[in-house]
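One letter stands for each residue in the lines below.
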Amino acid sequence: MSASITLMGSFQPSYLSQFESWLDDHHLIGTFQTLTDELDAYTVVRVALEQPVSNDQLAPMKKALLALSDDTKIDHIYQSKTPCLDQKGVAVFDMDSTLIKAEVMDELAVEAGIGEKIAAITASAMRGEIDFVESFVQRLSLLDGLSSDVMDGVYQRIVHMDGIERLMKVLHHFGWHTAILSGGFTYFADRVQSQYGISEVHANVLEIKSGQLTGKHLGPIVDAERKQLLLANIVDNTGVDWSQTIACGDGANDLLMLNKAALGVALHAKPLVREQAPCPMNNLGLDGILYLLGASSAQIRDTLA
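Asks: Just to check I follow, could you spell out empty space enclosed by the protein for this structure?
Replies: Rolled over the atoms, a probe as big as a water molecule pinpoints where empty space is left. Following the criterion strictly, the structure yields one cavity of 30 Å³ or more and no others. Counted as a void, the largest cavity has a volume near 130 Å³. In terms of lining, the largest cavity is formed by 15 residues, of which the most central are Asp96, Glu103, Phe132, Gly183 and Gly184. Breaking the lining of the largest cavity down by element, the ones donating at least two residues are helix 3 (104-112), helix 5 (132-141) and strand 6 (177-185).

Following this line, the structure appears as structure tokens:
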């Protein structure tokens with residue numbers, strides 16, 4: 001599929017003429033295709049470009065599109081290439097604030113009565129202000145002595161990300177291999193995996209002794225470098241071409257895998273991540289990825305029927 005810019009959000013058809021003028025100003029020519037219909041609460045328009053943006057112009061154009069997104073509150077997402085939805089591929093996802101609308105470390109901290117203290121460290125790490133591994137060890141140590149009995153209640157109150165079921169059903173219909181690569185914990189990731197039929201999970205293992213968290217973990221920490229390595233291992237093991245890869249996350253510790261995959265989607269991401277990730281998407285849920293793969297609402301509904 002050719003290079004494209006996808007517009008996502010709530011906007012009137014008249015905006016398309018404004019965007020066409022923006023394309024003219026940037027010496028770009030595109031063919032407009034509306035992917036949504038009257039049944040949808042939002043609008044998605046894919047603009048197929050006659051030719052991809054040159055390497056010299058790519059960075060300034062993406063910066064301009066991000067500024068346009070901020071000004072209009074409409075996502076303007078440039079893709080130089082697009083995986084084929086109806087061919088097998090590999091799709092990997094961060095969990096916290098990506099597959100679920102929570103940071104599980106923060107939720108456990110609430111149970112321990114230190115929610116604000118840990119949440120501040122989490123937010124700083126996700127913004128890329130402090131090292132993820134250092135912050136992970138620091139936050140986890142503060143949970144020493146917390147009863148493991150609270151974890152089921154934490155999971156039960158967590159809200160899952162909009163569009164997760166729709167996305168997973170469509171990807172699995174077309175034979176995609178899916179994986180959770182999470183800096184969170186296996187207790188929660190395993191349950192998300194089970195609920196949506198996700199192919200595999202890689203997350204951090206909590207050490208629990210005598211029914212209490214020890215404030216320590218078992219095995220390697222799933223940080224940015226490990227997520228990138230795990231993605232590469234999964235691609236090797238499945239034999240999928242790199243052109244058929246998707247990575248999705250929201251934090252600074254997701255950037256390496258987002259920039260490695262053919263389609264790297266920063267979902268509702270922090271400012272630093274939006275600036276550095278290939279495809280920042282703010283207005284839709286996880287099923288917005290299906291539109292970035294070129295699917296229309298009608299095609300998605302037919303697949304799910």
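Asks: What is the right way to look at unusual backbone geometry in this model?
Replies: The phi angle of most residues is negative, glycine excepted, and most peptide bonds adopt the trans form. Notably, Ser97 is not glycine yet its phi reads approximately 65°, a positive angle. Counting through the fold element by element, Ser97 comes out in the loop between strand 5 (90-93) and helix 3. Within the chain, His268 stands out as a residue other than glycine whose phi angle is a positive 50°.

Asks: What exactly am I supposed to notice about the side chain of Ser296 here?
Replies: For Ser296, the position within the fold is in the loop between helix 12 (288-292) and helix 13 (297-304). The exposure class of Ser296 is buried, given its relative accessible area of 14%. Not counting residues within four places of it along the chain, the set of residues in contact with Ser296 comprises Leu35 and Tyr291.

Asks: Explain the sheet that holds strand 7 (residues 200-209) to me, please; I cannot follow it from the model alone.
Replies: The strands making up a sheet are joined through hydrogen bonds of the backbone, oriented either antiparallel or parallel. Read from one edge of the open sheet, seven strands run 8-7-6-5-9-10-11, paired in mixed fashion. Both outer strands of the open sheet, strand 8 (212-218) and strand 11 (279-281), are each paired with one neighbouring strand and no more. Mean inter-strand twist for the sheet, computed between neighbouring axes without regard to direction, equals 25°. With four bridges joining them, strand 9 (residues 245-249) and strand 10 (residues 263-267) adopt parallel strand pairing. Directly across from Ala247, in strand 10, lies its bridge partner Gly264.

Asks: Any chance you could explain the pattern of salt bridges here in plain terms?
Replies: Any two side chains of opposite charge can pair, so long as their charged atoms come close to each other. Scanning the model with the defined rule gives 12 salt bridges in all. Linking Asp152 and Arg191 is a salt bridge whose minimum nitrogen-to-oxygen distance equals 2.9 Å. Within this pair, whereas Asp152 is found in helix 6 (residues 150-157), its partner Arg191 is found in helix 8 (residues 186-196), the two being separated by 39 residues in sequence. Residue Asp152 is classed as partly exposed on the basis of its relative accessible area of 35%. Ionic contacts of the salt-bridge type, sharing partners, join the residues Asp94, Lys227 and Asp254 into one network.

The rules behind each value
Residues numbered from 1 in each chain as written. Predicted model: local features only at pLDDT ≥ 70, side-chain atom pairs only at ≥ 80, totals over all residues. Heavy atoms only, no water. 1 Å grid on protein atoms, 1.4 Å probe; cavity = no way out; pocket = protein on both sides within 12 Å on 5 of 7 lines; lining within 4 Å. Points joined across faces, edges and corners; volume = space filled by probe spheres on them. Helix = DSSP H or I, 4+ residues; strand = E, 2+ residues; numbered from the N terminus. Buried < 20%, exposed > 50% of the residue type's maximum accessible area, 1.4 Å probe, protein only. Contact = heavy atoms within 4.5 Å. Pairing = 2+ DSSP bridges. Axes fitted to C-alpha atoms, helices over the stretch in contact; angles between N-to-C directions. Salt bridge = Lys/Arg side-chain N within 4 Å of Asp/Glu carboxyl O.

By themselves, these figures tell us nothing about what the structure is for.
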